Amino acid sequence: MDREAIISVHGLRNQFGRNVVHDNLDLDVWRGEVLGVVGGSGTGKSVLLRSIVGLLQPKAGHIEMFGIDALAADEETRIALDSRNGVMFQDGALFSSLTVRENVEVPLRAIPDLTPELRHALADLKISMSGLPWIAGDNYPSELSGGMRKRAGLARALALDPEIVFLDEPTAGLDPIGASDFDTLIRGLSQQLGLTVFLVTHDLDTLHATCDRIAVLAEKRVLVTGTMSEMLDVDHPWVHEYFHGPRARAAIDAKDRTD
């Protein structure tokens, strides 16, 4: 069956001063997949995410989303594209002066003629979908644990029923149980809602538990893409060390025990 590229990146170049982060980077993201993006420090994983969602203007290249040239899009088209995406940044990136419910309501305010009562109800639904108790909607971010803030950030990312969700290090800083629960949540939501997930991570357990495919950033480009088992056959020093090291073996053993 033919795969549909919901995101296509071609010839991408990101540069800050003399520091070239990406040079001639190509990547396709298939509709309905969970794609894990990994790479060493400084390879520009988050920079790539920000380029795709429109928060960073690359120096060169093309980015298509849903078949639309995202870099050449006018303001109206860009807003329409943004409504089809949800983004969860590290630690949630919530507005500290707003409650969780009010944070989730922020994107919903862009919907015309949506009553406050319906906006409130939709926000509570998204909060519940993220695995938070309903009462958490009344809390401020400072009153939540790190894991709860991440779930609140996810609830806000889901507010507009997006087709693509971008997650930046979603399990960073979580204890193993919390990280595993979050992995299960992401996998479940992707399957139940038909989401495409672009997931930046360094967590091998997350790669094993959630990702259909992995893209490795190295040498200023996407060096290789493939499944976890295919990564084991890649003959590249960083890729070999990452996917054959003791943490990788522990992640594989843990996955085998749950299958």
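Refer to the structure presented above.
Because the structure is a prediction, the values reported are computed rather than measured.

Caption draft 1: Quick look at the sheet that holds strand S7 (residues 164-168). Ordered by their spatial adjacency, six strands build an open sheet running S6-S7-S8-S3-S9-S10, and the pairing between neighbours is mixed. One side of each edge strand has no neighbouring strand; the edge strands of this open sheet are strand S6 (85-88) and strand S10 (221-226). Neighbour-to-neighbour, the strand axes of the sheet open up by a mean angle of 20°, direction not taken into account. Across the face of the sheet, helix H5 (residues 146-157) comes into contact with S6 and S7 while running at roughly 165° to S6.

Caption draft 2: Summary view of the pattern of salt bridges. Counting across every chain of the model gives 13 salt bridges. Note that Asp124 and Arg101 form a salt bridge whose closest N and O atoms lie 2.7 Å from each other. You can see Asp124 sitting in helix H4 (residues 116-129) and its partner Arg101 sitting in helix H3 (residues 100-108), a full 23 residues away along the chain. Taking relative accessible area as the criterion, Asp124 reaches 24% and is therefore assigned partly exposed. Arg109 serves as the salt-bridge partner of Glu105, at 3.7 Å between the closest nitrogen and oxygen. Of the residues examined, Glu105 reaches a relative accessible area of 7% and is grouped as buried. Judged by relative accessible area, which is 52%, Arg109 ranks as exposed. Among the charged side chains, a network of salt bridges with common partners joins Glu4, Arg31, Arg84 and Glu163.

Caption draft 3: Looking closely at the layout of surface pockets. Approximately 570 Å³ is the volume attributed to the largest pocket. Lining the largest pocket are 18 residues, and of these Asp82, Asn85, Val87, Pro107 and Leu160 sit closest to its centre. Taken together, the elements giving at least two residues each to the lining of the largest pocket come down to helix H2 (75-82), S6, H3 and H5. For the lining of the largest pocket, the leading source of residues is S6, giving three residues.

Caption draft 4: Quick peek at empty space enclosed by the protein. Applying the stated rule across the entire model yields one cavity of 30 Å³ or more. Roughly 30 Å³ of internal volume is contained in the largest cavity. The wall of the largest cavity is formed by Leu154, Leu158, Val165, Leu167, Ile186, Leu189, Leu195 and Val197. Breaking the lining of the largest cavity down by element, the ones donating at least two residues are S7 and helix H6 (176-193). Partitioned by chemical class, the residues of the lining of the largest cavity number eight nonpolar, no polar and no charged.

Caption draft 5: Up close: the nonpolar core. Of all hydrophobic cores here, the largest spans 31 residues; its most connected members are Leu154, Leu167, Leu207, Ile214, Val216 and Phe243. With five residues, H6 is the single largest residue contributor to this core. One finds Val37, Leu48, Leu81 and Phe166 within the second-largest nonpolar core, a separate group that totals 25 residues.

Caption draft 6: Up close: the sheet that holds strand S2 (residues 19-30). Spatially, four strands are ordered S2-S1-S4-S5 in an open sheet, and the strand pairing comes out antiparallel. Of all strands in the sheet, those with a lone pairing partner are S2 and strand S5 (68-69), marking the two edges. In this structure, strand S1 (residues 5-16) lies alongside strand S4 (residues 60-65), joined through five bridges in antiparallel fashion. Across the sheet, residue Arg13 finds its bridge partner in S4, namely Ala60. Most of the contacts of helix H1 (residues 45-53) go to S1, to which it runs at about 120°, and overall it touches S1, S2 and S4.

Caption draft 7: How the structure looks around the pairing of strand S9 (residues 213-218). Most of S9 is tucked away, with six of its six residues classed as buried. Both S9 and S10 contribute to a ladder of five bridges, which runs antiparallel. Bridge pairing links Leu217 to Val222 in S10. From the end of S9 to the start of S10, which pair antiparallel, there are two residues, and Glu219 there has a positive phi angle of about 55°.

Caption draft 8: Layout of unusual backbone geometry. In this model, Asn24 sits at a positive phi of 60°, which is unusual for a non-glycine residue. Structurally, Asn24 is set in strand S2. Phi is positive for Glu219, which is not a glycine, with a value near 55°. By the element assignment, Glu219 lies in the loop between S9 and S10. Take Glu219: its relative accessible area is 51%, and that puts it in the exposed class.

Rules and cut-offs
Residues numbered from 1 in each chain as written. Predicted model: local features only at pLDDT ≥ 70, side-chain atom pairs only at ≥ 80, totals over all residues. Heavy atoms only, no water. Pairing = 2+ DSSP bridges. Helix = DSSP H or I, 4+ residues; strand = E, 2+ residues; numbered from the N terminus. Axes fitted to C-alpha atoms, helices over the stretch in contact; angles between N-to-C directions. Contact = heavy atoms within 4.5 Å. Salt bridge = Lys/Arg side-chain N within 4 Å of Asp/Glu carboxyl O. Buried < 20%, exposed > 50% of the residue type's maximum accessible area, 1.4 Å probe, protein only. 1 Å grid on protein atoms, 1.4 Å probe; cavity = no way out; pocket = protein on both sides within 12 Å on 5 of 7 lines; lining within 4 Å. Points joined across faces, edges and corners; volume = space filled by probe spheres on them. Nonpolar A, V, L, I, M, F, W, Y, C, P; charged D, E, K, R; others polar. Core = buried A, V, L, I, M, F, W, Y, C linked by side-chain atoms within 4.5 Å.

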